[in-house]
Amino acid sequence: MQYLVIAYDNENALERRLESREAHIESARKLMAEGKIINAGALIEDDVMVGSTLFIDFDTDEELDEWLENEPYVKNNVWNMDEFQIVPMKLLPKN
């Protein structure tokens, strides 16, 4: 199932974001190669990263939960899980 993920950062999380960014990008690229992350990007306010958006495609809720358990921005308290949104959706096919 495809989802839109909207994840705003916790207050004062920029330092943790930068410390975790390499692991986050490495994990995201691996999942992109597997087709699990379709696209992703940082939310920007006043030229500062303040969150993330991702288009994801996981076969099961268990896969989605496993991704979140291992996601560096979750593990390192970057994303504010109280405002975390996962919205089911269907992306327009490329063809």
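Because the structure is a prediction, the values reported are computed rather than measured.

Peer 1: Requested: an account of the pattern of salt bridges, with residues and values cited.
Peer 2: Per the counting criterion, the structure on display carries four salt bridges. One salt bridge in this structure joins Lys36 and Asp59, with 3.4 Å as the shortest N-O distance. Here Asp59 lies in the loop between strand 3 (48-57) and helix 2 (61-70) and Lys36 lies in the loop between helix 1 (14-33) and strand 2 (37-45), a separation of 23 residues in the sequence. Judged by its relative accessible area of 13%, Lys36 is buried. Linked by salt bridges that have partners in common, Lys36, Asp59 and Glu63 make up one network.

Peer 1: Kindly report on the sheet that holds strand 2, identifying the contributing residues and their values.
Peer 2: The sheet built from four strands is open, its strands ordered 2-3-1-4 with antiparallel pairing. A single partner strand is all that each edge strand has here, and the edge strands are strand 2 and strand 4 (85-89). If you compare each strand with its neighbour and ignore which way they point, the axes differ by 20° on average. In the packing of helix 1 onto the sheet, the strands contacted are strand 2 and strand 3, and the crossing angle to strand 3 comes to about 20°.

About the criteria used
Residues numbered from 1 in each chain as written. Predicted model: local features only at pLDDT ≥ 70, side-chain atom pairs only at ≥ 80, totals over all residues. Heavy atoms only, no water. Salt bridge = Lys/Arg side-chain N within 4 Å of Asp/Glu carboxyl O. Helix = DSSP H or I, 4+ residues; strand = E, 2+ residues; numbered from the N terminus. Buried < 20%, exposed > 50% of the residue type's maximum accessible area, 1.4 Å probe, protein only. Pairing = 2+ DSSP bridges. Axes fitted to C-alpha atoms, helices over the stretch in contact; angles between N-to-C directions. Contact = heavy atoms within 4.5 Å.

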